[in-house]
Amino acid sequence: MNAPAKLAEVLPQTVEFKLDGKSIHAYEGETIFKAAARHGVDIPHLCYKDGLRPDGNCRACVVEVKGERTLAPSCCRSATAGMEVQAQSERALKSQKMVLEMLLSDMPDTGYKWNEKDESLQHGELSEWADRMEVQVRPALKALRREQPAADVSHPAMAVNLDACIQCNRCVRACREEQVNDVIGYAMRGSHSEIVFDLNDPMGDSTCVACGECVQACPTGALMPKSQVGSQVVDKKVDSVCPFCGVGCLLTYNVKDNKIVSVDGRDGPANHSRLCVKGRFGFDYAHSPQRLTVPLIRKAGVGKDPEALQNLNRDSADWSEVFREATWEEALALSAGSLKGLRDTHGKKALAGFGSAKGSNEEAYLFQKLVRTGFGSNNVDHCTRLCHASSVAALLEGVGSGAVSNQVNDVEHSDLIFVIGSNPTANHPVAATWMKNAVKNGAKIVLADPRVTDLGKHAWRTLQFKADTDVAMLNALIHTVIDEGLADQDFISKRASNYEALKENVKGYSPEAMEPICGIPAQTLREVAREFAKAKGAMILWGMGISQHVHGTDNARCLIALVTVTGQIGKPGSGLHPLRGQNNVQGASDAGLIPMMFPNYQRVDNAGAHAWFEKFWDTPLDEKPGYTVVEIMHKALAPDSDPHKIRGMYIMGENPAMSDPDLNHARHALASLEHLVVQDIFMTETAWLADVVLPATAWPEKTGTVSNTDRMVQLGKQAITPPGEAKPDLWIIQQIAQRMGLSWNYAGEHSGVAAVYEEMRQAMHAAISGISWERLQRESSVTYPCLSEDDPGAPTVFIDRFATNDGRVHLVPADIIPANERPDADFPFVLITGRQLEHWHTGSMTRRATVLDAIEPMATASLCGDDLAELGLQAGDVITVQSRRGQVAIHVRRDDGTPHGAVFIPFAYYEAAANLMTNAALDPFGKIPEFKYCAVAIRRGGQASAIQGYGEGTAAR
């Protein structure tokens, strides 16, 4: 085929037609409205919105088409060759104005969505179009105004004022077709028609998940964030990135008087303007009265009592009983001086640092550099150790890269979407919308999980396997693919190694043999395996249900094997995607905030990498991997005779006194340290055990980059100034480094963030060399690997070769390894922990967000109906859940998706901390604790905490 013919295949075909007497071109299939907009012609519109399916029901966009009797809605009518269209003819204009006037006549006297520049325009887009078209409402029409419905303010976040509703159906399409939550509907007929929630319930009592897509879509303010009802005038709008999960939604902060008043979704590559309840309404934690605003030093003679944390009421807890205020100079001198003293007295292994996946890439990079060059060891880690360490271990071993092969929204190209050990509708809600959209377009979801979560209602098949039997079930799928001749032999021969060993290993894992072990019928396992193998594209997405086991690495090895034997990797709609938990867990790991890797996953014990970084940082470096999160806690409790005993720690933005397994052990370890420096925005459980507390900045108060689960490096800009004397994290790290003898000088605004980024870019040249700071300021988001300024980035990797030394995937057979601790007569239940939609990680941010805390103010444990009946319980009763390590008293909730014999507890509630009970047993490869499985007993009764929320930071529902 010649070059012009190839080019013709790529370029869209166009048609020529006339608009208001001028010849213009439209793409084939393009609507008149879109073609007109591209040529600078604005046609009035109200029901149309970019991103939503055009509906054509408001008729404000009607145009006159030559030769046709009726006017046509331009948003729904495709342009055709030779068509002659008049958007501004007398007839078209008269109709457009009539529609606007009739809609405006029904509006209330005082509106809800005011124009930012002209507050006389109170009805949003309707007022703006009426003003532009010079439409005035005749008194006779106003006199016929409908009976105005009452306001519904039952929801903590949103106000429903249907007296401003024009029934454009944007909210219906946003809820049902974009987010696929199916809450908002259109009921009744004719003049009685109305927007309803579920079965005409108040919004606050409906199944609404508060994603806010409807308020973003509403043109008139009939649906509004409560924080923006009335005047819409803000001081500024600042583009940034959501600070919660790893999806990395781009957003815009609306700021007034140095406060964020609302958040809008931005058209970023990961979210295309969509947000979830946390991203849209979880912003006011930054303005909490409980923010740390001044450095604190523990008072002389005040000891550290880890036991007191269990009974600590942080609503009323007064830090002045334990700490005194200090100047920055005094606090920094004590922080760095004591750490330096411990290093010089006891050796470089005496110190350790925990960085944060909630901060920026620049902070992560500089923090690990401080530990390696200032502390003198590789004892640096962060929460990836508690999330996806085993996934990363298996991926590095198998495919040579710890990052995802395909981006989440690539599921639009999948025939089959395999979701295992993940609850995306709660943990990654916007990612879940892409999966639900794919189902509407014909894809099949397989949900594999011990719990049947909300995604189950969209699933083609649900594999509710017995907890801890992941390897048995996955090996049965691999067995079926090979046994039934469905393996992609061409792909295997060209691109895989060790296949014969894998094939031999799974011979004993037939679905029939595994059925009694995993609890899934053999026929179902075979059916799923066939669909996966035969699919044009099959993609696996997983979460911590896979990784947080002593066999987490083996679980991930099986997933790698499954996509390999079926050839489902290296092409659209396929591959491996471990959904990253926190907003920068991918970037923090990339930047080297882990004990065995320099930036970009170069092993510290690799001679070449070690020599390169010694030269790059001009400092001798430790040649041995450091200790991980859990190992550091063990070393903090080691005897004084241990030469590697941890005596001092610097913790930035992490809360191990809530997030670590076996909290009693972890808290005693932290309390035993000779010196602990904690840098945070709130008085966390960990901060209560500190010697020095340094007040830092929240995400909206800083400029920096983060890397999301899709390998996108994204820029967030500072929107507000920090409170009191709180300082940027990047500045604090540099101040401690200088006082420990490091001659760092990162000049520039925002504590030299651009200079730090450019140094990090050199250290990670094999991944992000093409993503300059200037490019990020222009584009906001760039996917890596990206090796030159004109490189668009690679959304899909492993197309031709894997990142291993020989370019082939390295298959590793896995066998069944039971959990470290099994149920028995004394502890007959299995405890499963996790997150929930409204709250995040240890709750230090989200439980200080008024809307989020109002929706879910109380800790609960979920049991299925059968277990409730057997225990003689009803929803709302108090139970005590106890493991061999600790116990909590908690209210019970019915959830029939939780399997028989299991209890699910979210770990965001300090008054009922699930991690008091979890097991610190480690996966031998990823060194990740077994959060997802331990044996517990349940008894009726106990003294559940009466605490709900954070006092001043809590809004009543």
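These lines cover the structure that appears in this document, whether it is placed above or below. All values reported here derive from a predicted model rather than from experimental measurement.

1. Some remarks on the overall build of the chain
Within the chain, the secondary structure is distributed over 31 helices and 39 strands. Taking 30 Å as the expected radius of gyration for a compact globule of 957 residues, we find that the chain reaches 29 Å, a close match to that expectation. Here the C-alpha coordinates of the chain stretch approximately 95 × 70 × 65 Å along the principal axes. Looking at the 957 residues of the chain, the share that counts as buried comes to 63%. Put simply, 72% of the contacts in the chain that link residues at least 6 apart link residues at least 24 apart. Element-wise, carbon and sulfur atoms account for 49% of the exposed surface of the chain, whose accessible area totals about 34800 Å². If you average the places of the 96 positive and of the 117 negative side-chain charges in the chain, the two averages end up 2 Å apart.

2. Considerations on the environment of Asn437
Mapped onto the fold, Asn437 is located in helix H13 (residues 429-440). Sequence separation between Asn437 and Arg739 is 302 residues, and the spatial gap between their C-alpha atoms is 53 Å. With near-sequence residues (within four places) excluded, Asn437 lies in contact with Glu177, Glu178, Val180 and Arg274. A polar side-chain atom of Asn437 sits 2.7 Å from a polar atom in the side chain of Arg274.

3. Comments concerning the sheet that holds strand E4 (residues 72-73)
Strand order in the open sheet formed by five strands is E2-E1-E5-E3-E4, with mixed pairing between adjacent strands. Each edge of the open sheet is held by one strand with a lone partner, namely strand E2 (22-27) and E4. Alignment of strand E1 (residues 14-19) against E2, held across six bridges, turns out to be antiparallel. Its bridge partner being in E2, Phe17 is matched across the sheet by Ile24.

4. Some words on helix H10 (residues 361-375)
The terminal C-alpha atoms of H10 lie 20 Å apart, and with 15 residues this matches the ideal 21 Å at 1.5 Å per residue to within 8%. Burial runs high along H10: 15 of the 15 residues are buried. Remark: Gly376 follows H10 within two positions and exhibits a positive phi of approximately 95°.

5. Let's talk about the packing of aromatic side chains
Tallying each qualifying case throughout the model produces 17 aromatic pairs. Pairing Phe244 with Tyr285 gives two aromatic rings, centres 6.2 Å apart and planes at 65°, and the pair type is edge-to-face. Residue Phe244 is found in the loop between strand E10 (236-241) and strand E11 (250-256), and its partner Tyr285 is found in the loop between helix H8 (277-281) and strand E13 (296-298); the two are separated by 41 residues along the sequence. Each member of the pair Phe244 and Tyr285 is classed as buried. Seen in terms of ring centroids, Phe613 and Phe616 are 6.5 Å apart; in terms of plane orientation they differ by 85°. Their pairing is edge-to-face. Here Phe613 pairs with Phe616, and both are found in helix H22 (residues 607-617), just three residues apart, close to one helical turn. Judged by relative accessible area, which is 0%, Phe613 ranks as buried. Among the residues examined, Phe616 registers a relative accessible area of 24% and is labelled partly exposed. Feature note: the residues Tyr365, Phe598, Trp612, Phe613, Phe616 and Trp617 constitute an aromatic cluster, connected by ring pairs. Lying across the ring of Phe904, Arg451 places its NZ or CZ 3.7 Å from the centre. If you follow Arg557 out to its NZ or CZ, it ends over the ring of Phe925, 4.1 Å from the centre.

6. Section: the pairing of strand E37 (residues 919-922)
Inspection of the sheet shows E37 paired to strand E38 (residues 929-930) by two bridges, in the antiparallel sense. Residue pairing in the sheet places Leu922 in a bridge with Pro929 of E38.

7. Some points on the packing of helix H14 (residues 470-483) against helix H18 (residues 522-534)
Running from N to C, H14 and H18 point in directions that differ by 65°, and their axes come no closer than 9 Å. Once H14 is placed against H18, the crossing between them reads as right-handed. Between H14 and H18, the residues in contact are Met473, Ala476, Leu477, His479, Thr480, Val481 and Asp483 and Leu525, Arg526, Val528, Ala529 and Ala533, respectively. Looking at the contact of H14 with H18, its residues break down into eight nonpolar, two polar and two charged.

8. Describing a negative patch on the surface
Together, Asp118, Glu119, Glu128, Asp131 and Glu134 make up a region of like negative charge exposed at the surface. With respect to the element layout, Glu128 can be found in helix H4 (residues 124-132). Classification of Glu128 by relative accessible area gives partly exposed; the value is 31%.

9. A short note on the layout of surface pockets
Quantified by volume, the largest pocket comes out at close to 1400 Å³. What lines the largest pocket is a set of 48 residues, among which Lys49, Gln216, Ala217, Gly265 and Ser273 lie closest to the centre. Of all the secondary structure elements, the ones that give two or more residues to the lining of the largest pocket are H4, helix H6 (170-178), helix H7 (213-217), strand E9 (223-225), strand E12 (259-265) and H13. Each residue belonging to the lining of the largest pocket can be placed in one class, and the counts come to 13 nonpolar, 16 polar and 19 charged. In this structure, the second largest pocket occupies an estimated 1100 Å³ of space. If you go around the second largest pocket, you meet 44 residues; those closest to its centre are Val209, Ala426, Asp454, Leu837 and Glu838.

10. Observations regarding the packing of H10 against helix H26 (residues 729-739)
At a closest axis distance of 10 Å, the pairing of H10 and H26 adopts a crossing angle of 15°. Classified by the interaxial angle, the pair formed by H10 and H26 is roughly parallel. For the pair H10 and H26, the sense of crossing is left-handed. In contact with Glu362, Glu363, Leu366, Phe367 and Leu370 of H10, H26 contributes Asp729, Leu730, Ile733, Gln734, Ile736 and Ala737. The residue makeup of the contact of H10 with H26, split by class, is seven nonpolar, one polar and three charged.

11. Quick look at the pairing of strand E8 (residues 194-197)
When strand E7 (residues 184-187) meets E8, the two strands line up antiparallel, connected through four bridges. By the bridge assignment, Ala187 is partnered in E8 with Glu194. Linking E7 to E8, which pair antiparallel, is a turn of six residues; within it Met188 sits at a positive phi near 65°.

About the criteria used
- Residues numbered from 1 in each chain as written.
- Predicted model: local features only at pLDDT ≥ 70, side-chain atom pairs only at ≥ 80, totals over all residues.
- Heavy atoms only, no water.
- Helix = DSSP H or I, 4+ residues; strand = E, 2+ residues; numbered from the N terminus.
- Rg over C-alpha atoms; globule rule 2.2 N^0.38 Å.
- Buried < 20%, exposed > 50% of the residue type's maximum accessible area, 1.4 Å probe, protein only.
- Contact = heavy atoms within 4.5 Å.
- Areas by Shrake-Rupley, 256 points an atom, 1.4 Å probe, with all protein chains shown as cover.
- Lys, Arg positive; Asp, Glu negative; His and termini not counted.
- Charge placed at Lys NZ, Arg CZ, Asp CG, Glu CD.
- Polar contact = N/O pair within 3.5 Å; in protein donor to acceptor, adjacent residues only side chain to side chain.
- Pairing = 2+ DSSP bridges.
- Expected span 1.5 Å × (residues − 1).
- Phe/Tyr/Trp six-rings, centres within 6.5 Å; stacked < 30°, edge-to-face > 60°.
- Lys NZ or Arg CZ within 6 Å of the ring centre and 35° of its normal.
- Axes fitted to C-alpha atoms, helices over the stretch in contact; angles between N-to-C directions.
- Left-handed = near helix turned anticlockwise from the far one by under 90°.
- Nonpolar A, V, L, I, M, F, W, Y, C, P; charged D, E, K, R; others polar.
- Patch = residues over 30% accessible without salt bridge, like charges linked within 9 Å, V, L, I, M, F, W, Y side chains within 5 Å.
- Salt bridge = Lys/Arg side-chain N within 4 Å of Asp/Glu carboxyl O.
- 1 Å grid on protein atoms, 1.4 Å probe; cavity = no way out; pocket = protein on both sides within 12 Å on 5 of 7 lines; lining within 4 Å.
- Points joined across faces, edges and corners; volume = space filled by probe spheres on them.
- Parallel < 35°, antiparallel > 145°, perpendicular 65-115°, else oblique.

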